[in-house]
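The lines below spell out each chain.
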Amino acid sequence: MTLASSVIVPYAAYLRVYEPLAAFPEPERSHWARYAKRDDIPGAQDELRRSLADLLPVPPVPVPVHESADAFVAVVDGVTCVCPWRTRLRGWLALEELSEQLPGPLLDAVLPPVVRRQAASDYEQWLERNPDARPWIRTATWHVPVRWFVLFADDEREYTKGDEGPLMRYRTPMVQARRRVARGLKVLKESLGEGPLIDGLMDVGRWLEEFHPRSLVELDYGGLVHALPAGHLEDDRSAADVAEGLAALRDGDGERAGSVYERLTDRWSDVRGRQHAS
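The rules behind these values
Residues numbered from 1 in each chain as written. Predicted model: local features only at pLDDT ≥ 70, side-chain atom pairs only at ≥ 80, totals over all residues. Heavy atoms only, no water. Helix = DSSP H or I, 4+ residues; strand = E, 2+ residues; numbered from the N terminus. Buried < 20%, exposed > 50% of the residue type's maximum accessible area, 1.4 Å probe, protein only. Contact = heavy atoms within 4.5 Å. Areas by Shrake-Rupley, 256 points an atom, 1.4 Å probe, with all protein chains shown as cover. Salt bridge = Lys/Arg side-chain N within 4 Å of Asp/Glu carboxyl O. Pairing = 2+ DSSP bridges.

A. Fine view of the overall build of the chain. Per the secondary structure count, the chain includes 12 helices and seven strands. The buried share of the chain, reckoned over its 278 residues, is 45%. Here the contacts in the chain between residues at least 6 apart in sequence split such that 76% fall between residues at least 24 apart. Entry remark: accessible area of the chain is about 14,300 Å², with carbon and sulfur atoms responsible for 51%.

If you want it as structure tokens, here you go:
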């Protein structure tokens, strides 16, 4: 959980990359190998609770003093893959974006300017020592960006009802995600020329190129499952809708593409409305 989502409400979706152990240099590789064998690996709810706890002190702690040594773990075809939380890095990145998400007076009330200035200074110094750093997790509050669905197919959708509530996610091999990004960009550029959807998808594509080719890519609805209207999860086929919309654009069927886009917009409008009602 990054600051941008935890400052408001924990209704956030996540795009994660799980890399095989071979992608990490020593001694980090050995750390994750030992970590993956633990019986008490923390989950998404643990990460959320820890992030929210940092905001309780006065003044709040927008960015952890130390980087997290935790990660999400997945076994893919017998290969152990990890997705480091990198909570401190994600907090810095979220802090940079926060001024665009909150009005000035509210931002100052939540995080005083002196706290933000110190965090920005710490990040600048850290970045000089770690110029190639990048997060393994991206976060979006109160919605799932349309561009994220381009990476997945409908048959990769997983919906279950567990002890801690419903789970909705997609998982795909990195090679498939990259291939779908390339195909999607080709269709969008030929049909639309330019626009925010293209820019956003190009950004996601560049991010994916930073990781090992045998990685796993995951879209997790996260806390959004608690904000969605009844029946929404069972009926949600957003990845299929995006694939249909791209196919319509490729075929030159603008009317069908517009209908799919309207269906997607209607599906998420109620969730967006709940954000403003909170």
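Back to the write-up after that little detour.
B. Representation of the pattern of salt bridges in the model. Per the counting criterion, the structure on display carries 21 salt bridges. The partner of Glu156 in a salt bridge is Arg180, and the shortest N-O contact between them spans 3.0 Å. In this pair, Glu156 sits in the loop between helix H7 (146-149) and strand S5 (157-162) while Arg180 sits in helix H8 (residues 174-192), placing the two residues 24 residues apart along the sequence. Looking at Arg180, the relative accessible area reads 17%, which means it is buried. Within the structure, one salt-bridge network assembled from shared partners comprises Asp241, Glu244, Asp251, Asp253, Arg256, Arg263 and Arg267.

C. View of the side chain of Ser215. Structurally, Ser215 can be placed in the loop between helix H9 (196-208) and strand S7 (216-220). Classification of Ser215 as buried rests on a relative accessible area of 4%.

D. Summary view of the pairing of strand S6 (residues 165-173). By the bridge criterion, six bridges tie S5 to S6 in an arrangement that is antiparallel. Counted as the bridge partner of Gly162 is Gly165 from S6. Bridging between S6 and S7 involves five bridges; their strand directions are antiparallel. Opposite Pro173, over in S7, you have Leu216 as the bridge partner.

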